Amino acid sequence: GMLLGVALFIYLIFKKYPLPVGSVLGAIVVAIFSGMPVMTSLTDTFMTSAAGAFKSYLLLLIFSAIFGKVLGDVGACQSIDYKMARLVKKLWPGHEKFLGVMAMGLITCVFCYGGISVFVVIFTLIYIGKELYEELDIPWYMLTVTGMGTGTFAASMIPGSPQLVNIVPMEYYGTPAYAGVP
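What counts as what
Residues numbered from 1 in each chain as written. Predicted model: local features only at pLDDT ≥ 70, side-chain atom pairs only at ≥ 80, totals over all residues. Heavy atoms only, no water. Axes fitted to C-alpha atoms, helices over the stretch in contact; angles between N-to-C directions. Helix = DSSP H or I, 4+ residues; strand = E, 2+ residues; numbered from the N terminus. Parallel < 35°, antiparallel > 145°, perpendicular 65-115°, else oblique. Left-handed = near helix turned anticlockwise from the far one by under 90°. Contact = heavy atoms within 4.5 Å. Nonpolar A, V, L, I, M, F, W, Y, C, P; charged D, E, K, R; others polar. Core = buried A, V, L, I, M, F, W, Y, C linked by side-chain atoms within 4.5 Å. Buried < 20%, exposed > 50% of the residue type's maximum accessible area, 1.4 Å probe, protein only. pLDDT = per-residue confidence, 0-100. Patch = residues over 30% accessible without salt bridge, like charges linked within 9 Å, V, L, I, M, F, W, Y side chains within 5 Å. Areas by Shrake-Rupley, 256 points an atom, 1.4 Å probe, with all protein chains shown as cover. Salt bridge = Lys/Arg side-chain N within 4 Å of Asp/Glu carboxyl O. Bend = angle between axes of the 7 residues up to and from the residue. Polar contact = N/O pair within 3.5 Å; in protein donor to acceptor, adjacent residues only side chain to side chain.

(A) Examining the packing of helix α1 (residues 2-14) against helix α2 (residues 19-34) more closely. Axis separation between α1 and α2 bottoms out at 8 Å; the angle between their running directions is 160 degrees. As far as their axial angle goes, α2 and α1 are roughly antiparallel. Here the hand of the crossing between α1 and α2 comes out right-handed. Where α1 abuts α2, its residues Met-2, Leu-4, Gly-5, Leu-8, Phe-9, Leu-12 and Ile-13 lie against Leu-19, Gly-22, Ser-23, Leu-25, Gly-26, Val-29, Val-30 and Phe-33. Tallied by class, residues from the contact of α1 with α2 come to 11 nonpolar, 4 polar and no charged.

(B) Summary view of the nonpolar core. Counting residues in each nonpolar core, the largest one holds 22 residues, and the members touching the most others are Met-104, Ile-107, Leu-132 and Tyr-133. Mapped onto this core, the elements with two or more residues apiece are α4 (76-91), α5 (96-113), α6 (118-135) and α7 (141-156). In terms of residues, this core owes the most to one element, α5, which gives 7 residues. When near neighbours in sequence (up to four residues on either side) are disregarded, Leu-132 contacts Asp-81, Met-84, Ala-85, Gly-100 and Met-104.

(C) Structural context of the confidence of the model for the chain. Residues at a pLDDT of 70 or more form 97% of the chain, whose mean pLDDT is 80. Within the chain, α1 carries the highest mean pLDDT (91), whereas helix α8 (residues 164-173) carries the lowest (73).

(D) Local environment of the packing of α5 against α6. Direction vectors running N to C along α5 and α6 enclose 155 degrees, while the axes themselves pass 10 Å from each other. Comparing the axis directions of α5 and α6 gives the class roughly antiparallel. With respect to the hand of their crossing, α5 and α6 are arranged in right-handed fashion. Two secondary-structure elements touch here, α5 through Gly-100, Val-101, Met-104, Ile-107, Thr-108, Phe-111 and Cys-112 and α6 through Val-118, Val-121, Thr-124, Leu-125, Ile-128, Gly-129, Leu-132 and Tyr-133. Of the residues contributing to the contact of α5 with α6, the split by class is 11 nonpolar, 4 polar and no charged.

(E) Structural context of unusual backbone geometry. Phi is positive for Lys-16, which is not a glycine, with a value near 70 degrees. Tracing the backbone through its elements, the reader meets Lys-16 in the loop between α1 and α2. Overall, Lys-16 belongs to the exposed group, its relative accessible area being 75%. Even without a glycine there, the phi angle at Asp-137 is positive, about 60 degrees. Tracing the sequence through the fold places Asp-137 in the loop between α6 and α7.

(F) Molecular detail of a nonpolar patch on the surface. Together, Phe-54, Leu-58, Leu-59, Ile-62, Phe-63, Ile-66, Val-70 and Val-74 give the surface a local cluster of nonpolar side chains, amounting to about 780 Å² of exposed area. Tracing the backbone shows Phe-54 in helix α3 (residues 38-74).

(G) Up close: α3. Taken as a whole, α3 carries its principal kink of about 50 degrees at Tyr-57. Among the residues of α3, those classed as buried are Ser-41, Leu-42, Ser-64, Gly-68 and Gly-72. Just downstream of α3, Gly-75 is the residue with a positive phi angle, here 95 degrees.

(H) Looking closely at the side chain of Thr-108. Its place among the elements puts Thr-108 in helix α5. Beyond its immediate chain neighbours, meaning those up to four positions away, Thr-108 contacts Val-121, Leu-125, Gly-147, Thr-150, Gly-151 and Ala-154.

(I) Molecular detail of the environment of Tyr-57. Structurally, Tyr-57 is set in helix α3. On the basis of relative accessibility, which here comes to 43%, the residue Tyr-57 falls in the partly exposed class. Through-space distance from the C-alpha of Tyr-57 to that of Phe-119 is 10.0 Å; in sequence the pair is 62 residues apart.

(J) Examining the side chain of Ser-41 more closely. In this fold, Ser-41 is placed in helix α3. Using a relative accessible area of 7% as the deciding quantity, one classes Ser-41 as buried. Among the polar contacts listed, one links the side chain of Ser-41 to the backbone oxygen of Val-38, at a separation of 2.9 Å. If near-sequence neighbours (up to four positions away) are discounted, Ser-41 is found in contact with Ala-31, Met-36 and Phe-46.

Okay, here's the thing in structure tokens:
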């Protein structure tokens with residue numbers, strides 16, 4: 001039921017249905033397959049969790065989006081974009097698309113490892129990647145693959161990452177930032 005609910009949610013989002021519609025329909029599928037009463041699971045479990053997430057992350061996401069927009073408006077993102085496009089075209093002619101996607105992944109890693117919140121990085125990547133991907137004729141959906149995939153990796157799997165997902169276990173378990181390094 002969980003896999004079907006998530007699959008339905010992803011499908012509806014890619015078909016451009018609004019996020020609340022996709023999440024509620026996905027929750028209904030999960031409730032049906034788990035044998036829970038649908039209305040109780042929607043009004044109690046789903047809405048309580050959704051309200052908690054909204055309360056916890058709304059300001060972080062709003063300020064991250066504003067920071068990304070400001071970087072785009074002042075020209076910082078365009079500057080990075082133009083330099084990346086020139087570098088990519090010079091390095092390996094004929095493979096600009098591949099290098100463009102890889103460059104966005106590298107930017108994500110550098111930003112995350114440099115201490116910028118992964119949420120801020122994702123919003124900033126939108127402004128950097130939009131023009132770069134248009135200039136190199138890379139499909140727009142690849143930006144989500146690059147940003148989310150590399151953002152997840154950079155925030156949680158690089159030893160010593162200053163991201164919250166690495167700091168919380170350090171405090172809880174009393175381990176150093178490089179505890180996962182053999």
